[in-house]
Amino acid sequence: MTTGSTVREAVFEFCRRAGMTTVFGNPGSTELRMFRDFPEDFEYVLALQETVAVAAAAGHAIGTGNAGLVSLHSAGGVGHALGAVFNAYRDRVPLVIFAGQQSRDMLLSRPFLGADEPATFPRPYVKWSRQPERAEDVPAALAEAYRVAMTPPRGPVFISVPEDDWDRPAAPVPHREVRSAFTADPAALREVADALNAAASPVIVVGSGVDDEEALPQVVELAERLGAPAWISPLSGRSGFPEDHALFRGFLPPVKDQLAARLDGHDVVLVLGTQVFTYHVGSGGDVLPAGARLFHLDCDPAQTAWSAVGTSLLTTLRPALAGLLDLVEKADRPAPEPRPRPAPPRAGDPIDPALAVETLRDLLPEDAVIVEEIPSHRDLFHARMPITRSGGFLASGSGALGWALPVAVGRAMAGNGERIVCVIGDGSIMYSVQALWTAAQRRVPLTVVVVNNGGYGAIRSLGRRIDIETVPGADIAGIDYAAVAAGLGVPGRTVASTTELDEALAQALAHEGPYLVEVQVEQGDPTLYEPWAR
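Residues numbered from 1 in each chain as written. Predicted model: local features only at pLDDT ≥ 70, side-chain atom pairs only at ≥ 80, totals over all residues. Heavy atoms only, no water.

Draft legend 1. Representation of the packing of helix H13 (residues 404–414) against helix H14 (residues 435–442) within the structure. Between H13 and H14, whose axes approach to 9 Å, the crossing angle comes to 15°. By the angle between their axes, H13 is roughly parallel relative to H14. As H13 packs across H14, the resulting crossing turns out to be left-handed. On H14, the residues that touch Leu 405, Pro 406, Val 409 and Met 413 of H13 are Ala 435, Leu 436, Thr 438, Ala 439 and Arg 442. When its residues are assigned to classes, the contact of H13 with H14 shows 7 nonpolar, 1 polar and 1 charged. (Axes fitted to C-alpha atoms, helices over the stretch in contact; angles between N-to-C directions. Helix = DSSP H or I, 4+ residues; strand = E, 2+ residues; numbered from the N terminus. Parallel < 35°, antiparallel > 145°, perpendicular 65-115°, else oblique. Left-handed = near helix turned anticlockwise from the far one by under 90°. Contact = heavy atoms within 4.5 Å. Nonpolar A, V, L, I, M, F, W, Y, C, P; charged D, E, K, R; others polar.)

Draft legend 2. Layout of the environment of Ala 84. Tracing the backbone through its elements, the reader meets Ala 84 in helix H3 (residues 74–90). Owing to a relative accessible area of 3%, Ala 84 belongs among the buried residues under this scheme. For the pair Ala 84 and Val 407, spaced 323 residues apart in sequence, the C-alpha separation works out to 9.8 Å. (Buried < 20%, exposed > 50% of the residue type's maximum accessible area, 1.4 Å probe, protein only.)

Draft legend 3. Fine view of the nonpolar core. Core analysis: the largest hydrophobic core is formed by 53 residues, its most contacted members being Leu 95, Ile 429, Leu 436, Leu 446, Val 448 and Leu 516. Of the residues forming this core, the biggest block, 8 residues, is contributed by helix H2 (residues 50–64). The residues contacting Leu 446, other than those within four sequence positions of it, are Ala 408, Val 409, Arg 419, Ile 420, Cys 422, Ala 439, Gly 513, Pro 514 and Tyr 515. Judged by nonpolar contacts, the second largest core, of 37 residues, contains Leu 226, Phe 248, Leu 297 and Leu 321. (Core = buried A, V, L, I, M, F, W, Y, C linked by side-chain atoms within 4.5 Å.)

Draft legend 4. Main features of the pairing of strand E6 (residues 156–162). Among the 7 residues of E6, 7 are classified as buried, and the element is accordingly described as predominantly covered. Along E6, one buried face is formed by Pro 156, Phe 158, Ser 160 and Pro 162 and the opposite face, lined by Val 157, Ile 159 and Val 161, is buried too. Where strand E4 (residues 95–101) and E6 come together, 7 bridges link them in parallel fashion. In the strand pairing of E6, Gly 100 is matched with Val 161. As judged from the 3 bridges shared by strand E5 (residues 128–130) and E6, these two strands associate in the parallel manner. Opposite Trp 128, over in E6, you have Val 157 as the bridge partner. As a crossover connection, the stretch from E5 through helix H4 (residues 138–150) into E6 is right-handed. (Pairing = 2+ DSSP bridges. Right-handed = clockwise from strand over helix to strand, strands pointing away.)

Draft legend 5. Broad picture of the sheet that holds strand E2 (residues 43–46). Overall, parallel pairing links the 6 strands, which are arranged E2-E1-E3-E4-E6-E5 in an open sheet. If you trace the sheet from one side to the other, it starts and ends with E2 and E5, each paired once. This sheet shows a mean twist of 20° between the axes of neighbouring strands, independent of strand direction. One ladder, built from 4 bridges, connects strand E1 (residues 22–25) with E2; its direction is parallel.

Draft legend 6. Examining the sheet that holds strand E13 (residues 369–373) more closely. The 6 strands are arranged E14-E13-E15-E16-E18-E17 in an open sheet whose pairing can be described as parallel. One side of each edge strand has no neighbouring strand; the edge strands of this open sheet are strand E14 (393–395) and strand E17 (492–495). The sheet shows a mean angle of 15° between the axes of neighbouring strands, taken without regard to direction. As judged from the 3 bridges shared by E13 and E14, these two strands associate in the parallel manner. Of the residues in E14, the one forming a bridge with Ile 370 is Phe 393. Against the sheet, H13 engages E13, E14, strand E15 (420–425) and strand E16 (446–452), with an angle of about 175° to E15.

Laid out in structure tokens, this is it:
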């Protein structure tokens, strides 16, 4: 590559070196010059809506461990995608997002499709955002954006490019790398280790950062050395601890007083790779039980700054855990009592949601990856579907719907043929149902299980918490999900009887490409968070 290259050539060359050769997007007029002479070693993945493009790129990024590359169309496309950008930011998924902009000579006239303040538009839910002042600065800005996206805490970045920039001359970006792992001061790690060694009853709370940083083996080793029970943080978007392990206790509830009650009796609380703490509904009380000390290890300086209690150590997890394992002594503590098993699900019709989950669990291939978005039944799901390996579970930690289905598509594209199983609600799937078309075009190994309880059951349940018996707009009827899937190229079927359930799920899991099963379950709404697991 010579200094006579164009912006387009320099950008593609950098993306090639960075391993970002799959572009997710929905094309528009302001991006056309980017795609002139599109390189043969790049792949463009068409999504039918921008939310799908961003979330599918996120699933691909999670699967590959590298930043996903996204092309959005000007102001409208960015606006469509912002819900997914918000999820990627909160879930720490690295994405490099390009958006087209009208040519520089038109910017002062507020042109059709133009963004008035393009760099401001996606903030604060990107780590970095810019429209370079000069065309020749675009490749270097991209390189900076990529490094920011991949530096812990990882997340999305945004670059706006006026359409005429792509043909302008620009120098290629020199190759360089960033080694981004870092750890806390040895004296700070010693403070944590001393507290754990002296504790009468320590407990570990793990967040999505454990899975994201591939630190699960070290966390298990630390828990076993301490004899400490392990909880997963509230509404975590990953697992982080083998849920069939004797020390695993469950998912903490996102309710302050209930969460503190779960930690009662523990004098030292070690929180790894998550915030302290995520709550969903209000309640009074203290963050921790009386007398407990909390130590918080995380790579996000903002998160460590606003944590409500305890001592935070700014660190990536793997080197910090290696340091703690050198300092923590083997403890002789009795094993905790076995977790109570949920009652057997009810047989018969209408289908018990618990029966649907347990039937799916018993049929899953060992290497299956679960992607979940069933807010009405998430408590039940985690009680009956233990995740036992790193990378085996994905969900939205932020709570914005429309994430799971396109994430599952992107994750399937990044896989090695393992089955991706998206368990999704009848309301959730309609936020980004267009992702089924991309799944069909790519023939990805994807099973979609639509748990249809007739509406937004979580909203109805939360309404009852504040004495609202009837929530307007919470009911959904008249959608044939199998027919919608078929119209988008994905075969499927509807199941309304327990006698069909086993065979239908087995068929969906064995199908060569994507397949959808709608499971019509009983429509009684659960009571969220009271109790937490049933």
